[in-house]
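Take a look at the letters that make up each chain.
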Amino acid sequence: MMGKHLMMEQNYWLTTTEMPASNGQGSLPEVVDVAVIGAGFTGLSAARTLAKRGAKVAVVESEAIGWGASSRNGGMVLTGMKLGVNKLISMYGRERTQRMYAASLASMDCVEQIVREEAIDCDFIRCGHLEVACKQKHFDDYARQAEVIAREFNHTLRVVQKHELSSEIGSRIYYGGMVDEVSAGANPARYVAGLARAAMKAGSEVFGRTRVESIQCDSRQGTAGWKVSTSRGSLWAHDVFVGTSGYTGKATPALQKKLIPIGSFIITTEVLPEALARELSPRNRMIYDSKNYLYYYRLTPDRRMLFGGRAAFFPETDQTVRKSAEILRRGMIEVYPQLSDAKIDYVWGGTLDFAFDIMPHAGQLDGMYYAVGYAGHGVAMATYQGQKIAELMAGDKPENPFVGIPFPGAPLGLYNGKPWFLPFAGAWYKFLDWVS
Ligand SMILES: Cc1cc2nc3c(=O)[nH]c(=O)nc-3n(C[C@H](O)[C@H](O)[C@H](O)COP(=O)(O)OP(=O)(O)OC[C@H]3O[C@@H](n4cnc5c(N)ncnc54)[C@H](O)[C@@H]3O)c2cc1C
């Protein structure tokens, strides 16, 4: 039971930093080279790159800077993609999958380089990630996956047998694990705040509390471009970059129809005694389990257990957040009975964006640039796609294997952007976990 302890419905990470204020004041500029929609990792990384290349950039964000998933996530900077490598090879063939995997590794370096170059104080640490197997057959598959990843992508994962697992995690419920030493951890709110400062330092203007309401083709003095209408007036942009992820709305209807918003929730405990924290996660890994309906968890830099999962399927509301806290606490105690008396200090939720094929997608749709579809695997990939699409817009030909892959809409095209089927999707995922 959570007892009388006061649990705050608040994002813990935001208590560790202050988001920068908008540097765009008053009315919007009349004309810009690029209007970026959304001030998260994707939009800010793009804005930083574009401004460094000399473009006049306005980032337009409907809430505060970093308000979306970018300040709310688990801070796991992960290699790989949401889908497993065998599935990827079956979908895209070996050559493109090799390039995708290489891009996922490059995305790690991209984050590290930005953190270093911009001196962002966000506790970035290459502590590695640990995937833990909830079933024997999931574990049996680890050796096969590690073999494919070594052979096809020249990247080493280490399979950890059940009897060795206590060196990695203080839980007895798993059948073994797999470690990737290249993955990292960070404080996402500090990271997105630093990215925003870096974009501003490079010359972008960032306008918070400015909602884009519509975007229309509009040529100006013979030049093709866009009229971007917002709650603060309109501006004309030569190009538009959409980085609205799980919060994509009706201002970009074509993109909205291709994305399913899914709620994910996180609790954090009180600060734990050092010995207990070490017992729970001796190597400070970023940990997630092998289910579709998965749990992900880690220690925070100040030694709280941060425990997340898709506890409820609808995007966050006060009700789903509170319900999720209790569901997640029970999940956490199943993994770590040692935490049955630990107090829960914070709970919050955020929205993930899933494409119908669970892949990241980037490029151009209806003439606008975009990068979306990170499926809970977006800290590194969003930063990377923001940079790569910005390079493309600046006239380079950057390597980006996610551009040009098919971007499927809903089966039969029936989806209108309102996720009426999510309760069924939730039940379906649970069913898959039960049978697979
Ligand atoms: C609870 C949770 C845990 C997660 N954990 C991890 C993790 O541990 N590791 C990992 O790799 N990934 C994780 N993710 C995913 C990761 O956080 C996202 O993929 C990433 O932050 C996406 O960044 P973004 O910039 O594309 O979108 P966001 O950060 O969501 O930003 C989009 C912004 O667009 C704005 N916007 C939307 N519409 C408009 C409009 N019309 N006008 C103006 N602005 C608009 C929104 O207000 C929002 O701020 C998690 C996500 C959640 C929700």
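For the structure, see preceding data.
Residues numbered from 1 in each chain as written. Predicted model: local features only at pLDDT ≥ 70, side-chain atom pairs only at ≥ 80, totals over all residues. Heavy atoms only, no water.

**Student:** Residue-level account of the packing of helix 3 (residues 85–117) against helix 9 (residues 379–393), with values.
**Tutor:** Relative orientation of the contacting elements helix 3 and helix 9 amounts to 85°, with a least axis distance of 8 Å. Of the possible angle classes, the one that applies to helix 3 and helix 9 is roughly perpendicular. Contact residues: Ala103, Ser104, Ala106, Ser107, Met108, Cys110, Val111 and Ile114 in helix 3; Val379, Ala380, Met381, Thr383, Tyr384 and Gln387 in helix 9. For the contact of helix 3 with helix 9, a count of residues per class yields 10 nonpolar, 4 polar and no charged. (Axes fitted to C-alpha atoms, helices over the stretch in contact; angles between N-to-C directions. Helix = DSSP H or I, 4+ residues; strand = E, 2+ residues; numbered from the N terminus. Parallel < 35°, antiparallel > 145°, perpendicular 65-115°, else oblique. Contact = heavy atoms within 4.5 Å. Nonpolar A, V, L, I, M, F, W, Y, C, P; charged D, E, K, R; others polar.)

**Student:** Could you give an account of the site of the ligand, naming the residues involved and the relevant values?
**Tutor:** The immediate surroundings of the ligand are formed by 37 residues, with Thr42, Glu61, Ser70, Met76 and Val379 found nearest. Here a nitrogen atom of the ligand sits 3.0 Å away from a polar atom, N or O, in the main chain of serine 62. A distance of 3.4 Å separates a nitrogen atom of the ligand from a polar backbone atom of tyrosine 247. For the ligand, whose free accessible area comes to 1,000 Å², the fraction covered by protein is 97%. Looking at the shell around the ligand, the elements that each hand over two or more residues are helix 1 (41–52), helix 2 (69–72), strand 13 (259–269), strand 17 (344–355) and helix 9. Grouping the constituent residues of the shell around the ligand by class yields 14 nonpolar, 19 polar and 4 charged. (Near = heavy atom within 4 Å. Polar contact = N/O pair within 3.5 Å; in protein donor to acceptor, adjacent residues only side chain to side chain. Areas by Shrake-Rupley, 256 points an atom, 1.4 Å probe, with all protein chains shown as cover.)

**Student:** Break down the nonpolar core for me, citing the residues and quoting the values.
**Tutor:** Formed by 63 residues in total, the largest nonpolar core has its most connected members in Leu44, Val59, Val77, Phe124, Tyr191, Phe241 and Met359. Every element with two or more residues in this core is listed here: strand 2 (31–37), helix 1, strand 3 (57–60), helix 3, helix 4 (136–153), helix 5 (188–201), strand 19 (368–372) and helix 9. Among the elements that line this core, the one with the most residues is helix 3, at 11 residues. Residues contacting tyrosine 191, with those up to four places away along its chain left out, are Phe41, Val111, Ile114, Val115, Ile120, Cys122, Val379 and Thr383. Ile169, Leu276, Met332 and Ile344 belong to the second-largest nonpolar core, a separate cluster that totals 30 residues. (Core = buried A, V, L, I, M, F, W, Y, C linked by side-chain atoms within 4.5 Å. Buried < 20%, exposed > 50% of the residue type's maximum accessible area, 1.4 Å probe, protein only.)

**Student:** Can you break down the pattern of salt bridges residue by residue, with the values?
**Tutor:** Under the defined criterion, the tally for this structure stands at 31 salt bridges. Arginine 304 is paired through a salt bridge with aspartate 345; the nearest N and O atoms lie 2.8 Å apart. In this pair, arginine 304 is assigned in the loop between strand 15 (295–299) and strand 16 (305–309) and aspartate 345 in strand 17, connecting sequence segments 41 residues apart. One exposure class covers both arginine 304 and aspartate 345, and it is buried. Each of Arg48, Lys52, Glu117, Glu118 and Lys201 takes part in salt bridges that share partners, so that together they form one network. (Salt bridge = Lys/Arg side-chain N within 4 Å of Asp/Glu carboxyl O.)

**Student:** An account of the side chain of lysine 258 is requested, with residue identities and associated values reported.
**Tutor:** With respect to the secondary-structure elements, lysine 258 resides in the loop between helix 6 (253–256) and strand 13. It is aspartate 366 that comes nearest to the buried, bridge-free lysine 258 among opposite-charge side chains, at 8.8 Å. Within polar-contact distance, the side chain of lysine 258 engages the backbone oxygen of phenylalanine 407 at 2.7 Å. Aside from chain neighbours lying at most four places away, what touches lysine 258 is Phe354, Ala355, Phe356, Leu365, Phe407, Pro408 and Gly409. (Lys, Arg positive; Asp, Glu negative; His and termini not counted.)

**Student:** Please give an account of the packing of helix 1 against helix 5 that cites residues and values.
**Tutor:** The contact between helix 1 and helix 5 brings their axes to 8 Å, and the two run at 30°. Our classification of the angle between helix 1 and helix 5 gives roughly parallel. Handedness of the helix 1/helix 5 crossing: left-handed. Judged by residue contacts, Phe41, Leu44, Ser45, Ala47, Arg48 and Ala51 of helix 1 engage Pro188, Tyr191, Val192, Leu195, Ala196, Ala198 and Ala199 from helix 5. In terms of residue class, the contact of helix 1 with helix 5 is built from 11 nonpolar, 1 polar and 1 charged. (Left-handed = near helix turned anticlockwise from the far one by under 90°.)

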